[in-house]
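So you can see what is in the structure, the chains are spelled out below.
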Amino acid sequence: MLCSLNEQEEMNMRFDGKCAIVTGAGRGIGMATALLLAKEGASVVAVDVSEAGLAELEAQLRALHADYRLAACDVSDERAVRMMAAEAIACYGKVDILVNNAGIYRDQLMPFVEQSSALWRRKMEINVLGMMDLTQAVLPQMIERRYGKIINVASVAGVYGLSNMVDYSATKGAQISFSLALAKEVGPYEINVNAVSPGNINTYGESPQLSYFGRSGTAEECANVIAFLASDEAHYVSGQNYVVDGCRKTL
Ligand SMILES: NC(=O)c1ccc[n+]([C@@H]2O[C@H](COP(=O)([O-])OP(=O)(O)OC[C@H]3O[C@@H](n4cnc5c(N)ncnc54)[C@H](O)[C@@H]3O)[C@@H](O)[C@H]2O)c1
């Protein structure tokens, strides 16, 4: 049976009535994810340390007539993270979807032996500890409601290990194993925990030589996989790491 465009749009509203927190939503993969979830009906709590990034996102959320809240928050600040999570739960009565996407990786590429410990401590604080703090802050109400979708944006660096990005690789490996282990703990409550590991994504430009597709991926291509894992279509998928790398060439 044929249906109108409006009916099709309604059928595609996978996240109607759902509340999603997306970190690192002011740019790149996080922004694309926040927009996709909002487009398909989610109320989005968009978290970023960059107020400029949030302002850019807000303009697009407004154009979608989306329901959203902006939270200028550094995910490495445990107190701020827990406060932000409590406010989101108070505002919407629940958090159904958590996308831990905020991460840093573009500071300095260098051999580990030359690196300062301040750099890797910072990456650990944001990429790993921020994810852990926020996840713990939203989990109790997910457990109580026996509903929750947690997606941690890791990296192929955490699967293969990348030279000159040893500290980053360590944080991403930690995110993947955190996801696999937590999935086992919360599986009995039917809460899904998965990791998504992008390869080279063009948020800062092209690297066609890294993929057999001959191009980098897009933020939207990552967001599609994140949204799938956040949806009930993927309800029996948990404890997995989805690699999104266009068939990466080298290890
Ligand atoms: N782009 C890629 O090629 C690629 C590849 C593999 C993995 N990833 C991972 O995907 C995620 C997103 O990557 P991206 O390319 O979209 O990044 P990006 O740099 O384009 O955007 C990251 C966003 O996170 C925000 N952020 C950084 N530190 C923060 C903090 N302490 N608190 C709150 N927000 C903070 C930034 O302000 C920015 O808006 C990261 O975790 C990254 O490690 C990206």
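These notes cover the structure that comes with them. Please read all numbers here as calculations on a predicted model, not as lab measurements.

Some points on the overall build of the chain
Reasoning step 1: A count of helices and strands for the chain gives 8 helices and 7 strands.
Reasoning step 2: Taken against the 2.2 N^0.38 rule, which gives 18 Å for 251 residues, the C-alpha radius of gyration of the chain at 18 Å falls within 12% of a compact globule.
Reasoning step 3: The principal-axis extent of the C-alpha atoms belonging to the chain is close to 55 × 45 × 40 Å.
Reasoning step 4: Looking at the chain as a whole, 45% of its 251 residues qualify as buried.

Remarks on the site of the ligand
Reasoning step 1: Gly 24, Arg 27, Gly 28, Gly 103 and Ser 155 are the nearest of the 27 residues found near the ligand.
Reasoning step 2: With 3 residues, helix 2 (residues 28-39) is the largest single contributor of residues to the shell around the ligand.
Reasoning step 3: By residue class, the composition of the shell around the ligand is 11 nonpolar, 13 polar and 3 charged.

Here's the deal with the environment of Ser 50
Reasoning step 1: Among the structural elements, Ser 50 can be located in the loop between strand 2 (43-48) and helix 3 (51-63).
Reasoning step 2: Taking the C-alpha atoms as reference points, Ser 50 and Arg 27, 23 residues apart in sequence, are found 8.9 Å from one another.
Reasoning step 3: Every residue in contact with Ser 50, bar those within four places of it in the chain, is listed here: Gly 26 and Arg 27.

A few points about helix 5 (residues 117-145)
Reasoning step 1: Relative to the 42 Å expected for 29 residues at 1.5 Å per residue, helix 5 spans 41 Å between its end C-alpha atoms, a close match to the ideal helical length.
Reasoning step 2: Once helix 5 ends, the next one or two residues include Arg 146, with phi positive near 55°.

Brief notes about the pairing of strand 4 (residues 97-100)
Moving residue by residue along a regular strand, the side chains alternate between the two faces of the sheet.
Reasoning step 1: Judged by which residues are buried, strand 4 turns out to be covered on both faces: Ile 97 and Val 99 on one side and Leu 98 and Asn 100 on the other are all buried.
Reasoning step 2: Of the strand pairs in this sheet, strand 1 (residues 19-23) and strand 4 are connected by 3 bridges, and their pairing is parallel. Residue Ile 21 lies in a different strand from strand 4, and its bridge partner there is Leu 98.
Reasoning step 3: Summarising the sheet, strand 4 and strand 5 (residues 148-153) pair through 4 bridges and their orientation is parallel.

Some thoughts on the environment of Arg 248
Reasoning step 1: The topology assignment puts Arg 248 in the segment after strand 7 (241-244).
Reasoning step 2: We classify Arg 248 as partly exposed; it has 17 C-beta atoms within 10 Å.
Reasoning step 3: For Arg 248 and Phe 213, which are 35 residues apart along the polypeptide, the C-alpha to C-alpha distance reads 8.3 Å.
Reasoning step 4: Here Arg 248 is in contact with Val 156, Gly 199, Leu 210 and Ser 211, once residues within four sequence places are set aside.

Some details on the packing of helix 4 (residues 78-92) against helix 5
Reasoning step 1: For the pair helix 4 and helix 5, the least separation of the axes is 9 Å and the interaxial angle reads 30°. The orientation of helix 4 relative to helix 5 falls into the category roughly parallel. When you trace helix 4 past helix 5, the crossing you get is right-handed. Only Gly 130, Asp 133, Leu 134, Ala 137, Val 138 and Gln 141 of helix 5 make contact with helix 4, whose side of the interface consists of Glu 78, Val 81, Arg 82, Ala 85 and Ile 89.

Structural notes on the nonpolar core
Reasoning step 1: One finds Ala 20 and Leu 37 to be the most contacted residues of the largest nonpolar core, which totals 64 residues.
Reasoning step 2: Apart from the residues within four sequence positions on either side, Leu 37 is in contact with Phe 15, Ala 20, Val 22, Ala 42, Val 44, Ile 97, Ala 227 and Ala 230.

Details of the packing of helix 5 against helix 7 (residues 166-186)
Reasoning step 1: Running from N to C, helix 5 and helix 7 point in directions that differ by 15°, and their axes come no closer than 9 Å. Looking at the two axes, helix 5 sits roughly parallel to helix 7. For the element pair helix 5 and helix 7, the recorded crossing hand is right-handed. Taking contact as the criterion, the partners of Leu 119, Trp 120, Lys 123, Met 124, Asn 127, Val 128, Met 131, Met 132 and Ile 143 in helix 5 are, on helix 7, Asp 167, Tyr 168, Thr 171, Lys 172, Ala 174, Gln 175, Phe 178 and Val 186.
Reasoning step 2: Residues of the contact of helix 5 with helix 7, tallied by class, amount to 11 nonpolar, 3 polar and 3 charged.

Comments concerning the sheet that holds strand 3 (residues 68-72)
Reasoning step 1: Spatial ordering of the open sheet is given by 3-2-1-4-5-6-7, a layout of 7 strands whose pairing is parallel. The open sheet has two free edges, formed respectively by strand 3 and strand 7, since each of these has just one partner strand. Ignoring strand direction, the axes of neighbouring strands in this sheet form an average angle of 15°.
Reasoning step 2: The sheet contacts of helix 7 involve strand 5, strand 6 (191-198) and strand 7, and relative to strand 6 the element is tilted by about 165°.
Reasoning step 3: Lying over the sheet, helix 8 (residues 219-230) contacts strand 1, strand 4, strand 5, strand 6 and strand 7, oriented at roughly 165° with respect to strand 6.

Each value, and the rule that gives it
- Residues numbered from 1 in each chain as written.
- Predicted model: local features only at pLDDT ≥ 70, side-chain atom pairs only at ≥ 80, totals over all residues.
- Helix = DSSP H or I, 4+ residues; strand = E, 2+ residues; numbered from the N terminus.
- Rg over C-alpha atoms; globule rule 2.2 N^0.38 Å.
- Buried ≥ 20, exposed ≤ 12 C-beta atoms within 10 Å, placed from the backbone.
- Near = placed C-beta within 6 Å.
- Nonpolar A, V, L, I, M, F, W, Y, C, P; charged D, E, K, R; others polar.
- Contact = placed C-beta atoms within 7 Å.
- Expected span 1.5 Å × (residues − 1).
- Pairing = 2+ DSSP bridges.
- Axes fitted to C-alpha atoms, helices over the stretch in contact; angles between N-to-C directions.
- Parallel < 35°, antiparallel > 145°, perpendicular 65-115°, else oblique.
- Left-handed = near helix turned anticlockwise from the far one by under 90°.
- Core = buried A, V, L, I, M, F, W, Y, C linked by C-beta atoms within 7 Å.

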